[in-house]
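Observations on the model geometry
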Amino acid sequence: MPHEHSDVLIIGGGVIGASLAYGLSKRKVRTLLLDREDLRLTASRGNFGLVWVQGKGYGMPRYAEWSVEATQRWPAFSEELEAETGIRMHYHRTGGFEVCLGEEELERRAVMLKQMEEQSFTGTYDCEMLTRDEMQQMLPDLTLGPKVSGGSFCPHDGFANPLHLLKALHQGFHQHGGAFHPGHTVQEITREGEAFEVRTETHTFRARKLILASGLATTRLAEWVGMTVPVRPERGQVLVTERTRHVFPYATGRIRQNADGSFMLGASHEDVGYDLSTTREIMQEIATHAIEVFPLVKDLQLIRSWGALRVLTPDQKPVYVASESCPGAYAVTSHSGVSLASLHSSYLVDWVLEGEEPRGFDVFHPRRFDVPKAA
């Protein structure tokens, strides 16, 4: 059985694993990236592509800060990656809306944002409520539907092409000397002296450090190196329309216009296990919502749909953890892999190589899910 050696071995070739791999390879660290698939990766392939802050961090102010910093670093991150690879990610940081239908929904949104402001370390939260008229003034080429009551706007929000991002990260990783091995399903992880040994059906890989960025497989793999990382799948369905002229330079959490003029509409939140199928009922709900927000959408043909699985922790916030029983092993998971790519390729590299933890990093440890046993 062939053996391969590296300084760092990453299991998981999606956006999170590829971001780490790209950052490590730029530091001239000998890095191997494994995945059981090629680039047809479930969560990364089906991603909506938002680079988003709005609403993140409720109950965890450090996550709100983390998200803002990620978006602040995204322009330089994307420019560098595009310059190195020639792959455009069509990143736009124009700000984003959350649209409310009806006064009750508008009031709930205002209350939530006020609570996030009160929870923050500074007593501020960079997101404002807008009336219907204020929102309409920002959208001169679109007419809002009659049910739109207003919404919120965050200047940090934007979007990118997630498939181009994934491709660029892999290409950048390769250009900096990294090696990607698709088609490898991990069968066992052991600690041999000061190195980790990862066995697949056909190969054995050895490395001084191991990073698990394995999406829904993270829970199982983490147990082999003494970590408990709970994740679960949640299906989201997405629709894509035919191309039309560009009328929407922003994005909402459920609607955005691609560089080619097509609209992406999403996304559902379904607890259906590992089922990737699409359903007529959910697609109708998604389309109806989009038409209620922007009636223009009703005149566009739907050309594509898909279902993909989000990777969620119990509180839907990231987990970053270093193994105490197997030093040198790490686990990283988040359903915001696109938004956080700029930090995963920088700060997390310093964490893995130097043990340098960003400020307030401890809040992302999975011990927050521990529930004391009853006496």
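This text gives an overview of the structure that appears in the document. Position labels on residues start from 1 in each chain and follow its written sequence. Given that the model is predicted, a residue must reach a pLDDT of at least 70 before its local features are reported, and side-chain atom pairs must reach 80 or more before they are shown or counted; all residues, however, enter totals for whole chains, interfaces and linings. Calculated side-chain values reflect all of the structure's heavy atoms, with hydrogen atoms and water omitted.

Comments concerning the pairing of strand β1 (residues 3-11)
Rule in force here: When DSSP locates at least two bridges between a pair of strands, those strands are taken to pair. Only DSSP runs of H or I covering at least 4 residues are called helices, and only runs of E covering at least 2 are called strands; the numbering of each starts at the N terminus. Convention used here: a crossover is right-handed provided that the path from the first strand, over the helix, to the second strand proceeds clockwise when the strands point away from the viewer.
Taken together, the eight bridges between β1 and strand β11 (residues 204-212) define a ladder with parallel strand orientation. Among the inter-strand pairings, His5 is bridged to a residue of β11, identified as Arg206. As judged from the four bridges shared by β1 and strand β2 (residues 31-34), these two strands associate in the parallel manner. Note on β2: the bridge partner recorded for Ile10 is Leu33. For the segment spanning β1, helix α1 (residues 15-26) and β2, crossover handedness is right-handed.

Things to note about empty space enclosed by the protein
For the record, the criterion: Think of a 1 Å grid over just the protein atoms. A cavity is a set of points where a 1.4 Å probe fits yet cannot get out, a pocket is an open set with protein on both sides within 12 Å along at least five of seven lines, and lining residues have an atom within 4 Å of a point. Grid points are joined across faces, edges and corners, and a volume is the space filled by probe spheres set on the points. For this scheme, ten residues count as nonpolar: Ala, Val, Leu, Ile, Met, Phe, Trp, Tyr, Cys and Pro. Four count as charged, namely Asp, Glu, Lys and Arg, and the remainder, Gly too, count as polar.
Summed over all chains, the structure comprises one cavity of 30 Å³ or more. Quantified by volume, the largest cavity comes out at close to 30 Å³. Taken together, Gly57, Pro61, Ala64, Met116, Gln119, Ser120 and Tyr125 make up the lining of the largest cavity. Of all the secondary structure elements, the ones that give two or more residues to the lining of the largest cavity are α3 (61-85) and α4 (103-119). Of the residues in the lining of the largest cavity, the class split is four nonpolar, three polar and no charged.

Here we look at the layout of surface pockets
When its volume is computed, the second largest pocket comes out at roughly 500 Å³. Lining of the second largest pocket is provided by 26 residues; of these, Asn161, Arg256, Asn258, Ser262 and Met264 occupy positions nearest its centre. Looking at the lining of the second largest pocket, the elements with two or more residues in it are α6 (162-175), β12 (232-243), β13 (255-257), β14 (262-265) and β15 (302-312). A per-class count over the lining of the second largest pocket returns twelve nonpolar, nine polar and five charged.

Quick word on the packing of α3 against α6
Our working definition: The angle between two axes is taken between their N-to-C directions and runs from 0 to 180 degrees, where each axis is a line fitted to C-alpha atoms and a helix contributes only its stretch in contact. The cut-offs work like this: below 35 degrees is roughly parallel, past 145 is roughly antiparallel, 65 to 115 is roughly perpendicular, and the gaps in between are oblique. Whether a crossing is left-handed or right-handed is set by the direction in which the near helix is turned from the far one by less than a right angle, anticlockwise for left-handed and clockwise for right-handed. Whether two residues touch is decided by their heavy atoms; if any such pair falls within 4.5 Å, the residues are in contact.
Closest axis-to-axis distance for the α3/α6 pair is 9 Å, and the angle between their directions is 60°. In this view, α3 runs oblique relative to α6, as classed from their interaxial angle. Seen along the crossing, α3 lies across α6 with a hand that is left-handed. When α3 is examined against α6, the residues Trp74, Phe77, Leu81, Glu84 and Thr85 are found in contact with a partner set consisting of Leu165, Ala168, Leu169, Gln171, Gly172 and Gln175. Here the contact of α3 with α6 is built from residues that sort into six nonpolar, four polar and one charged.

With respect to unusual backbone geometry
Cis peptide bonds are those with omega within 30 degrees of zero, and the linkage from Gly266 to Ala267 qualifies with -25°. Its place among the elements puts Ala267 in the loop between β14 and α8 (280-293). If you check the backbone angles, Lys28 has positive phi at about 65° while not being a glycine. Structurally, Lys28 can be placed in the loop between α1 and β2. Phi is positive for Gln316, which is not a glycine, with a value near 65°. Counting through the fold element by element, Gln316 comes out in the loop between β15 and β16 (319-322).

A few points about α1
Note the threshold: A helix is expected to span 1.5 Å for every residue after the first. The rule is simple: take the accessible area with a 1.4 Å probe, protein chains only, and divide by the maximum for that residue type; under 20% is buried, over 50% is exposed, in between is partly exposed.
With twelve residues, α1 extends 16 Å between its outermost C-alpha atoms, agreeing within 8% with the 16 Å of an ideal straight helix rising 1.5 Å per residue. Taken across its twelve residues, α1 has eleven buried, putting it largely inside the fold. Within α1, the full set of buried residues consists of Val15, Ile16, Gly17, Ala18, Ser19, Leu20, Ala21, Tyr22, Gly23, Leu24 and Ser25. Within two residues after α1, Lys28 carries a phi angle of roughly 65°, on the positive side.

A word on the pairing of strand β10 (residues 195-199)
Of all five residues in β10, four are buried, a share of seventy percent or more. Summarising the sheet, strand β9 (residues 188-192) and β10 pair through five bridges and their orientation is antiparallel. Residue pairing across strands places Arg191 opposite Phe196, the latter belonging to β10. With antiparallel pairing between neighbouring strands as the criterion, β9 and β10 make up a hairpin whose turn holds two residues, including Gly193 at a positive phi of roughly 65°. Examined bridge by bridge, β10 and β11 share four bridges and lie antiparallel to one another. Within β11, the position partnered with Glu197 by the bridge is Arg206. Hairpin connection from β10 to β11: four residues lie between these consecutive antiparallel strands.

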